[in-house]
Amino acid sequence: MDPIDCTPPEYILPGSRERPLCPLQPQNRDWKPLQCLKVLTMSGWNPPPGNRKMHGDLMYLFVITAEDRQVSITASTRGFYLNQSTAYHFNPKPASPRFLSHSLVELLNQISPTFKKNFAVLQKKRVQRHPFERIATPFQVYSWTAPQAEHAMDCVRAEDAYTSRLGYEEHIPGQTRDWNEELQTTRELPRKNLPERLLRERAIFKVHSDFTAAATRGAMAVIDGNVMAINPSEETKMQMFIWNNIFFSLGFDVRDHYKDFGGDVAAYVAPTNDLNGVRTYNAVDVEGLYTLGTVVVDYRGYRVTAQSIIPGILERDQEQSVIYGSIDFGKTVMSHPRYLELLERTSRPLKILRHRVLNDRDEEVELCSSVECKGIIGNDGRHYILDLLRTFPPDLNFLPVPGEGLPEECTRAGFPRAHRHKLCCLRQELVDAFVEHRYLLFMKLAALQLMQQKAGRMESPSMLENGDSLSSESKPEDPPGPEAGSEEEGGGASGLAKVKELAETIASDDGTADPRSREVIRNACKAVGSISSTAFDVRFNPDIFSPGVRFPESCQEEVRDQKQLLKDAAAFLLSCQIPGLVKDCIEHAVLPMDGATLAEVMRQRGINMRYLGKVLDLVVRSPAREQLDHIYKIGIGELITRSAKHIFKTYLQGVELSGLSAAISHFLNCFLSSYPNPVAHLPADELISKKRNRRRRNRPPGTADNTAWAVMTPQELWKNICQEAKNYFDFSLECETVDQAVETYGLQKITLLREISLKTGIQILLKEYSFDSRHKPAFTEEDVLNIFPVVKHVNPKASDAFHFFQSGQAKVQQGFLKEGCELINEALNLFNNVYGAMHVEICACLRLLARLHYIMGDYAEALSNQQKAVLMSERVMGIEHPNTIQEYMHLALYCFASSQLSTALSLLYRARYLTLLVFGEDHPEMALLDNNIGLVLHGVMEYDLSLRFLENALAVSTKYHGPKSLKVALSHHLVARVYESKAEFRSALQHEKEGYTIYKTQLGEDHEKTKESSEYLKCLTQQAVALQRTMNEIYRNGSSANIPPLKFTAPSMASVLEQLNVINGILFIPLSQKDLENLKAEVARRQQLQEASRNREKAEEPMVTEPEPAGALGDSASQPQAAKDPSSPSLQG
C-alpha cells in the first residue's frame, strides 16, 4: 500500500479550540482567470444607418484584443468581418485581411493569437467540470460568506444590467409575462394519467420558480427605491407597487386594518400566515378553486408581499368585487353557493368546519372558511380565494380570552400568555397530529365499550387510562424531510389491530341497525368531539375566538364544543407534542445540528417557534438533561439569534442606503465582538457639497434622524436580546454580554455569526475574524459584502415521483433490494422530469440509490450516485448545511470501499470541520464521524492519531448514549483493536473488558456478541502472555535470547470496512474478526438466493432479517440488537 499523508490540519483535531472560517471556501491561490480579450462591446456606430441596413449590416462591435489591437467588426447577414471604422470616423467598408467568417470566434481566432490559445483552454476547462457545478438551481441559494473578488471591467455585464429594461421600470408591452394567467393555466392542465400529471407538475413547478425569481427581484427593486409607487402621494409605509405584473405591498398596518390584532406586528406576520394558507390550498388542489401566486420577501428590515394580480381587480373597488367572506373582519359578511361548494371539497382534508355566523344586519351567513378569507371572481371568470391568514384554528395558549379558562396542562405551563399579535394559529401538522390522536382514542373507546357489552359486565376503566397514555405517544408520520427518521411508534400495534377489526365490525353492525352498537359509536363520537354522531369526524371552526365574529343563537352548543376542542388542541401541543419531541431527541430519533434543522424538527411535530422557550424549559427539567446537551445548545443559540433578528429588523429600517454596510458591521460588532465600545463609522462626508455647507454650517453632523443606529452599544443590544427572549419566548437568558453567553451556554461565536447571517441575509467577507480581541472591533464596514433577501415561497411537489420514492423505501425495508432499486430509479426519472436536474428531493433519491448499490456490492455505482448527491446538496442546501455534512460522510465510506483512502480521509476531515463550524465538538453525530475517521486511520496504520479520534468518539458516545449503551460497547471494542495493533495489550484488555461487561449485562451470557467479545478477550490475553514471556526471555538471556517472532496484526482493509459498515448501520455483521472467506461465501450465498428468488419470480425475501442475523440488512425498521441505536443513519437516510 502506498504511503499517504493522513495528518489532519490542527484545527480539526479533537479538543482544538480554533474555528477558522477560511477553509469553508478553499481558494486556489495560483488560479488566474484567463484573459481572451480586453474589451468586447457594442460600437458607438450602432444602429446601422438605412443604406447600410440594405447592405445587410445588423450591428457593429468594438474589440480590443489581448495584444492591444483595436478593431471594429460588422455583423451582417452573410457573417462577421472587420470594417475600417475608427473611434471617430465611420467607414463600413471591409478592412484587410478581407476575411468573412461564419462565427465571431472564428474571426477573433484569425486576428488574435492569444484569443485562439486561451479560448481553447477555457473551453476545455469548462467541459471538464461536472454538469452539476454549472446547472442553475430552481430557487436561489445565497452563501453567507464570500471571498474577496476583484471587480473587473466588463462592458457586456454593464450593458446587460441596463439594456434589459426589465431591470426596473419597463414600458415594453408584450414582453412582460402575465404571471397570474400562467400560474392559473398550468393548474388547469389535465391530470388523468401519469404523462399528463407529469406535464402539469413540470409546468406548475417551472412557473412557480420563475415567479419566485421575478418577485424577489421586484421586491429588492421596491425597497431599493427603483420602482414608482401606484399611490406616490401617500407616506412610504402605505405605498403599493406594481412591477412586471406583480403587485407588491409592505408589511405595515395600512389604514388601521389590523388595529384589533396587534397593528404593525400583526401586519408583519399576516403575509407568512397567508402564504401557509396558499400552500395548503394548493396542496389540496381542488379543481375550480384558485389562489394567487404569493411570495414573501424579507429584505433590509422590510417585509414585502408579492402577489400575482387578479384580472380586473385594479379597475373596481374591493367592496364590489368581494362576493364571499368579509373585508372588515366579520361586520359585513357575504356568502356564495359556488364558493361554498368549492370550499366544501377542501374542508375534509383541511379539517375545517362548515359553520354559520351573523353579519351586521343579524342575518345568518354560511361559511366554509374563516371570515377573512375573501372570494373574488376575476374578469377571467375564475373563482379566486385570498387572505388565507386564518386557514387554521387559533392557538389559545397565546390568545387570552376573558372568561375562558384553559385546561390544567396549559395553566401549569404559564398559559395563556398575551402574544404581540392575535394571529397565532396552530400549524397544520399539529391539527393533523391532534386528529390522528383523537382517532386512536375513538377506536379505543369504541372497542372498550364493545368488549364490555360482549362480556356483559362493566370493566374497570383502568384499561382506558392505559390506552390513553398509549395514544398520546402515537405520533402521525412525519412529513418527508432530512429528519424523517422517526416514523410511527409501534406502541400498541397488535392491540390496535384488534381495535381495527372491532371498528370494522362496528361499521357493519351499523348497517344491521343494532341499537347498542350505534350507542357505542355515538358515545365514542361524543367523547372525542366528533361533529358527526355516526362516524369519526373531527373538524375545527377557524372563526372561534375571532374578535368581531358573532354566532347565531342556534349554534351555541356547537360553538361550545368547538371552544373545548381548541382548548384540547392547545393542551395536546404541550402535553404530547413537546414531550414527544424531547423523547425523540433523547432516543436520537432526530438529530438536529443547527437552528434550521431544529426548527424543521419542531415544525414537523406542529410546534411553532414561539414555543422554543417551553421546549428548552422541558429540556432543562428532563432527567436525561446530559443527553440533551446538544439540543439545549442549539435551542439557546436559536433563541439568541432569533431575538437578535427581531431587533436587527427594526434597526435596519432606520438606516439609509449609504450607511448600510457601516450599520450592519456596527450591529455585528455589538452582537459578537468582545471589544467593549465599538464606534459606528458614519458614512464619511468625503464629498463636500458647496451648496449644503453654506446653509447648514451651524448644525453639528450626525443629528439627522437616520443615524440613530450609530448610538447602539453592546450592553444595550444584549439587554434588548434578553428582554426580547423573555417577552417573545418566555425564556430568561442569564448573560449580559456575548462572552458571558458563550461561557454560560457553551456556544461558539462563529456559529452565532452563521445563524444570524443566514436569518437576515447578511453576506460577509471570507477571512479570519478576531472576535475575542479587546483592542479592536471584529468587523469593519469593508467586511460586509452584501445583504440578500430571505425568501419564503410555495414549494410545488412532484406527487407521482414521491409515491414511487415511498414505495421504493418500503420495498427496501422489507428486504427486496432489487425491486426497491428499480422503484427509486423510476422516482429519480420522474423527479428529474418535474424539477429539472437540481432539487432537494432528487438529492435524497440519489443518496438512497447510492446506499442500495453499496449494499448490493456495486461500489462504483454507489460512488457515482453519492458524488452527485454531494454536489447537489452543496448547491441546493448550502456548502455547510447539516445535510451536506451527512452526504460527505456517506461519500467517504464509498470512497474507502473503492480503496480511495486519502480521498475518504479528506472527506471525513471536511465533514468534521463543517460540524465544528456549524455546532462544535460536543454533538452525538461527532461520535459517528470520529469513529469513521479513527477506523480509516487505523486502516492506514496511523495508530496514535486514530486513538485520538476513537477515544473522543468513546467520550461523546458515553455522554449521549449512557455508559451502558451498546454503542459505547462497540466504541470500547474499536479502541481495544487499535491498542492491540500497537501491542499495548493491557489497555486493549481494559477496554475490551468494559465492552464485554456491557454486552453481558445488556444481552446476556449466551448472546453472540457477548461470546465474540469473550473470545477476543482470550485472544488478547494470550498475546499479552506471549509478549511478557518474550520480554522475560530478553531480560534473562540478554541479546543471545532465542525469540520467537511475535505476531502483530496490522488490520486488513476488509476488517476495517466491516467495522465501518457496522458503525454506519449499513450491513450488520457480527463483530468478531471473521475470516474474509466467510464473508465472501456469505455474499455469494446471498447472490444465489437472490438469483433463485428472481428465477422463481415469487415475492420471496432475498435477505432474512432474524433478530440475530449473521449479515442481514440493518435498517431502522429491522435493526438487530447491536445496531439498534437510532443515531446510526437508517436506510431512509
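To be clear, the structure that these remarks concern was listed above.
What comes next is a walk through the structure. (Residues numbered from 1 in each chain as written. Predicted model: local features only at pLDDT ≥ 70, side-chain atom pairs only at ≥ 80, totals over all residues. Heavy atoms only, no water.)

1. Digging into the pattern of salt bridges
Where charged atoms of side chains with opposite charge meet at close range, the side chains can pair. Defined as follows: Should a side-chain nitrogen of Lys or Arg be within 4 Å of a carboxyl oxygen of Asp or Glu, the pair is scored as a salt bridge. A helix here means a DSSP run of H or I that spans at least four residues, while a strand means a run of E at least two residues long, and both kinds are numbered starting from the N terminus. For every residue, the accessible area obtained with a 1.4 Å probe (protein chains only) is divided by the maximum for its type, and the residue is called buried under 20%, exposed over 50%, and partly exposed between those limits.
Under the counting rule described, the total for this entry stands at 67 salt bridges. We note a salt bridge from Asp362 to Arg550, for which the minimum N-O separation is 2.9 Å. Placement of Asp362 in the loop between β12 (355-358) and β13 (364-367) and of Arg550 in the loop between α15 (515-528) and α16 (556-586) is noted, with a sequence separation of 188 residues between them. With a relative accessible area of 38%, Arg550 lands in the partly exposed category. One salt bridge connects Lys749 with Asp739, and the closest N-O pair in it is separated by 2.8 Å. Linking Lys749 in helix α24 (residues 749-760) with Asp739 in helix α23 (residues 738-745), this pair joins segments that are 10 residues apart in sequence. Residue Asp739 is classed as partly exposed on the basis of its relative accessible area, which comes to 27%. Bridged by salt links that share partners, the residues Asp594, Glu638, Arg642, Arg754, Glu755, Lys759 and Glu880 form one connected network.

2. Digging into the nonpolar core
Rules: In this text, buried Ala, Val, Leu, Ile, Met, Phe, Trp, Tyr and Cys residues form a nonpolar core when linked through side-chain atoms within 4.5 Å.
Phe671, Leu733 and Phe831 are the most contacted members of the largest nonpolar core, which totals 266 residues. Here this core takes 14 residues from α16, the largest share from any one element. Among the nonpolar cores identified, the runner-up in size contains 12 residues, and Val71, Ile73, Leu82 and Ile111 belong to it.

3. Notes on a nonpolar patch on the surface
The cut-off we apply is this: Patch membership needs two things, relative accessible area over 30% and no salt bridge, and members are linked within 9 Å if like-charged or within 5 Å if nonpolar (Val, Leu, Ile, Met, Phe, Trp, Tyr). Computed with a 1.4 Å probe, the accessible areas rest on the Shrake-Rupley method; for each residue, only the protein chains presented here act as cover.
A contiguous nonpolar surface patch, about 200 Å² in accessible area, is contributed by Leu34, Val121 and Leu122. Note on placement: Val121 falls in helix α3 (residues 113-128). Given a relative accessible area of 37%, Val121 falls into the partly exposed group.

4. Looking at the side chain of Ser622
Applicable threshold: Any pair of N or O atoms that falls within 3.5 Å is considered a polar contact. Within protein, one atom must be able to donate a hydrogen and the other to accept it, and sequence-neighbouring residues count only if both atoms are side-chain atoms. Only heavy atoms enter the contact rule, under which two residues are in contact if any of them lie within 4.5 Å.
Topologically, Ser622 is positioned in the loop between α18 (612-621) and α19 (629-653). Engagement of the side chain of Ser622 in a polar contact is seen with the backbone nitrogen of Ala624, the distance being 3.0 Å. For Ser622, the residues in contact, after removing those within four places along its chain, are Ile586 and Leu628.

5. Overview of the sheet that holds strand β1 (residues 37-42)
Short version of the rule: Strands qualify as paired when DSSP identifies two bridges or more between them. Whenever a helix is involved, its axis is fitted only over the stretch in contact; in every case the axis is a line through C-alpha atoms, and angles between N-to-C directions fall within 0 to 180 degrees.
Here 4 strands make up an open sheet; going across it, the order is β1-β2-β3-β4 and the pairing antiparallel. The outermost strands of the open sheet, each flanked by one partner alone, are β1 and β4 (79-83). Within the sheet, the average angular offset between the axes of one strand and its neighbour, ignoring direction, is 25 degrees. Note: strand β2 (residues 57-65) against strand β3 (residues 70-76), 7 bridges, orientation antiparallel. Residue Tyr60 lies in a different strand from β3, and its bridge partner there is Thr74. Helix-sheet contacts for helix α2 (residues 104-111) involve β1, β2, β3 and β4, and the interaxial angle to β4 is about 35 degrees.

6. Some thoughts on the state of the cysteines
Rule in force here: Cysteine sulfurs are considered disulfide-paired once they come within 2.5 Å of each other.
The tally for this structure, following the rule as stated, stands at 0 disulfides. The thiol of Cys735 is not disulfide-bonded; the next cysteine sulfur, from Cys722, is found 4.4 Å away.

The quantities given are spatial measurements derived from coordinates; they are silent on function.
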